[in-house]
Amino acid sequence: MITATFFKDARGIWRGFSLTGHADYAEYGSDIVCASVSALAINTVNSIEAFTDDKASADVEEKTGLLTFSFSGSDVSEKGQLLINSLILGLKGICEEYGGNDYLKILFKEV
């Protein structure tokens, strides 16, 4: 199962997210849930880098299926917030389409 955890500060500002695990929806190389989640997450990170001036960092460990992303600046733009909200919307759509929490679990934590 993939676990997506989103981190929000006390002011309600997204501070980052982590994705870990594998969906195990299908065999490696044919897992459309894993591929969909990966595409959305990587596109979000790339979009924040390309379309905002937000300071951020990302780390990937393909073997364990770990992607961590965090905003490093104290200020996060509205565009950055919108892109994180878009990722959450996409992940919720995958959950609805492919059986709820069987392959993907979405968590929210305050930091």
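Residues numbered from 1 in each chain as written. Predicted model: local features only at pLDDT ≥ 70, side-chain atom pairs only at ≥ 80, totals over all residues. Heavy atoms only, no water.

### Quick word on the sheet that holds strand 5 (residues 104-110)
Spatially, 3-4-2-1-5 is the arrangement adopted by the five strands of the open sheet, whose pairing is mixed. Of all the strands in the sheet, just strand 3 (56-61) and strand 5 have a single pairing partner and so form its edges. Going from strand to strand, the sheet's axes swing by 10° on average, the running direction of each strand aside. One ladder, built from four bridges, connects strand 2 (residues 14-20) with strand 4 (residues 66-71); its direction is antiparallel. Along strand 4, the bridge assignment pairs Phe 17 with Phe 69. Most of the contacts of helix 1 (residues 32-51) go to strand 2, to which it runs at about 150°, and overall it touches strand 1 (2-8), strand 2, strand 3, strand 4 and strand 5. (Pairing = 2+ DSSP bridges. Helix = DSSP H or I, 4+ residues; strand = E, 2+ residues; numbered from the N terminus. Axes fitted to C-alpha atoms, helices over the stretch in contact; angles between N-to-C directions. Contact = heavy atoms within 4.5 Å.)

### Digging into the packing of aromatic side chains
Tallying each qualifying case throughout the model produces eight aromatic pairs. Relative to Phe 17, the ring of Phe 6 lies with its centre 5.7 Å away and its plane at 35°, an arrangement referred to as tilted. Highlighted residues: Phe 6 in strand 1 and Phe 17 in strand 2, separated in sequence by eleven residues. Here Phe 6 matches Phe 17 in class, with each residue buried. Here the aromatic rings of Phe 17 and Phe 69 are separated by 5.3 Å at their centres, their planes lie at 25°, and the arrangement is stacked. A residue pair is termed long-range when its members are at least 10 positions apart, and Phe 17 in strand 2 and Phe 69 in strand 4 qualify at 52 residues. On the basis of relative accessibility, which here comes to 1%, the residue Phe 17 falls in the buried class. Residue Phe 69 is classed as buried on the basis of its relative accessible area, which comes to 4%. Taken together, the ring pairs connect Phe 6, Trp 14, Phe 17, Phe 69, Phe 71 and Phe 108 into an aromatic cluster. When the ring centre of Trp 14 is taken as reference, the NZ or CZ atom of Lys 8 above it lies at 4.2 Å. (Phe/Tyr/Trp six-rings, centres within 6.5 Å; stacked < 30°, edge-to-face > 60°. Buried < 20%, exposed > 50% of the residue type's maximum accessible area, 1.4 Å probe, protein only. Lys NZ or Arg CZ within 6 Å of the ring centre and 35° of its normal.)

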